[in-house]
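One letter stands for each residue in the lines below.
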Amino acid sequence: MDMLIGGKHIAGDDREDVINPYDGEVIDSVPIAHLQTAQLAIDEANKSKESLVEMSAFKVSNKLFNVVDKLRQHKQEFAELLTLEVGKPINESLVELDRSIETLKLAAEEAKRIYGESVPLDAGLNGKGFFAFTQRLPLGVVAAITPFNYPLNLTIHKIAPAIACKNSVIVKPPTEAPLTVMKFCELLNEEFPDGVVNTVTGYGSEVGDYLVCSPDVDKISFTGSVTTGMMISQKAGMKKVTLELGGNDPMVVLKDANIDDAVRGVINGAFLNAGQVCMGVKRIIIENEIADEFAEKLVGETEKLVMGNPLDSKTTLGTLISEKAAKQVEETVNNAVKDGAEILTGGIRDGAFYSATVIDNVREDMDLVVNETFGPVAPIMRVSSVEEAINVANNTEYGLQAGVFTKSYYDAMKCAQEIEAGTVFINKQSTFRTDNMPFGGFKNSGVGKEGIKYAVDEMTKTKLIGLNLR
Ligand code: NAD
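Residues numbered from 1 in each chain as written. Predicted model: local features only at pLDDT ≥ 70, side-chain atom pairs only at ≥ 80, totals over all residues. Heavy atoms only, no water.

A. View of the side chain of Ser29. Within the element layout of this structure, Ser29 appears in strand 4 (residues 26–31). One polar contact links Ser29 to Arg15, side chain to side chain, over a distance of 2.9 Å. What Ser29 contacts, discounting residues up to four positions off in sequence, is Met1, Arg15, Glu16, Asp17 and Val18. (Helix = DSSP H or I, 4+ residues; strand = E, 2+ residues; numbered from the N terminus. Polar contact = N/O pair within 3.5 Å; in protein donor to acceptor, adjacent residues only side chain to side chain. Contact = heavy atoms within 4.5 Å.)

Put into structure tokens, the structure is as follows:
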């Protein structure tokens, strides 16, 4: 597939294969863009800005709704491509498609709600006799840099609100899985003027870095790892930046919890997308009294997962994004075992597959839970009180989301108030998101919020106009 810049397809000189992690087959290839090509995309996006600003909100909204219809018509095709390039089970890809359609729909609706407010200057000293109001204006050019794990929906969380508030966009899709995003940008380009949406493929450290440093890009909207996010925040200068970064989300299970609900929460939270989820359950912090029963039930449910061809609808556990990624998870788990942890089930790697793994007696100082482990691993950490559970939950540089299982509203509120995370769910695992909610972490998990309305806030600037009527 070729890049889309200023409405034209650009093939580039050098290309890189996109590999199916399940069978190692080449799916397609994409250009490795040079810096001149990234600059061309910046120029085209800047040229197209006016065309979007002149378009009525009514028309922007209708055009986004047209893309919603097109994506719905091509849902199956997009889901299959997503499964091929990411290795996620087809049923999970279909869910990502449903959510992508929903995210786009929310943006089409939001395009009609971008307005300011009247401001009573007379409430301030010397303000009597003025009439003042604010306008919300587009920033100009937004660069969207996105990760491999939910490439389509996470990219739509950037492109759709950006266009809804009339910004042009340059998308740098993930290197490992760029195809679904590029195909989606083609749909957008059928509706919007050339240059409103552009794609630049290649290496993050080259073209991604170039976009981040360019004075002609007005905003960086990034989702990815903490390491890359920190680099971006240092280099972006005065431009606005939103960073949606990694997570190390706790699931706190207190002794009065419904154990079956908590077990289901881990199955859906730690093993979804082979554990490659920013808000995945990465640490189970459980009170001693119920830990043995919980572990036994969790092992039973984990062993029911079906590993296999991700295109087969019976498969519930697909591959990781690459064999290299699977080896990294294997090494981290093995190190925890050398250090005293005990594998209750799983722990086996086969190419890019890593079996769903439950690992007990994990301590706070083990790498497995100090850093974000991006694989299908459920580490159990046993504690003896609510207070200890909260301390363990907060003992991390991350703070994306958290889940707490208890029947006590007192303990639920204590945990909700004291756990440092952007979202705390009670009786639900952290791995839950609706596409309209404010989403974004505390601490090193990020800066700013997404969830269409909140992303629009971060992609507009506010101008005040005051009329002196004295
Ligand atoms: P990554 O940071 O390696 O890459 C993300 C994107 O950044 C890719 O497109 C990459 O090419 C680009 N990039 C790499 N170096 C760059 C640079 N120097 N300048 C600019 N761009 C650069 O992340 P990944 O491995 O693709 O994704 C996994 C990570 O993303 C995990 O940490 C996960 O938790 C996180 N994530 C966070 C969220 C969230 O919403 N908080 C959602 C999904 C994934």
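B. Region of the structure containing the sheet that holds strand 19 (residues 401–405). Read from one edge to the other, the open sheet built from 7 strands follows the order 14-17-18-13-12-19-20, with strand pairing classed as mixed. The open sheet has two free edges, formed respectively by strand 14 (342–345) and strand 20 (423–426), since each of these has just one partner strand. Going from strand to strand, the sheet's axes swing by 25° on average, the running direction of each strand aside. Examined bridge by bridge, strand 13 (residues 281–287) and strand 18 (residues 377–383) share 4 bridges and lie parallel to one another. Counterpart to Ile284 in the pairing with strand 18 is Ile380. Sheet contacts for helix 10 (residues 288–302): strand 12 (249–253), strand 13, strand 14, strand 17 (357–360) and strand 18; angle to strand 13, the most-contacted strand, approximately 140°. (Pairing = 2+ DSSP bridges. Axes fitted to C-alpha atoms, helices over the stretch in contact; angles between N-to-C directions.)

C. A look at the pairing of strand 12. With 5 of its 5 residues buried, strand 12 lies for the most part within the structure. Because side chains alternate across strand 12, one face comprises the buried residues Asp249, Met251 and Val253, and the other comprises Pro250 and Val252, equally buried. Inspection of the sheet shows strand 12 paired to strand 13 by 5 bridges, in the parallel sense. Directly across from Met251, in strand 13, lies its bridge partner Ile284. Read as a crossover between parallel neighbours, the route from strand 12 over helix 9 (residues 259–270) to strand 13 is right-handed. Note: strand 12 against strand 19, 3 bridges, orientation parallel. Each bridged residue has a counterpart across the sheet, and for Val253 the counterpart in strand 19 is Phe405. (Buried < 20%, exposed > 50% of the residue type's maximum accessible area, 1.4 Å probe, protein only. Right-handed = clockwise from strand over helix to strand, strands pointing away.)

D. Main features of the side chain of Thr357. Mapped onto the elements, Thr357 comes out in strand 17. With a relative accessible area of 0%, Thr357 lands in the buried category. A distance of 2.8 Å separates a polar side-chain atom of Thr357 from the backbone nitrogen of Gly347. Residues within four places of Thr357 in sequence aside, it is in contact with Phe271, Ile343, Thr345, Gly346, Gly347, Pro376, Val377 and Ala378.

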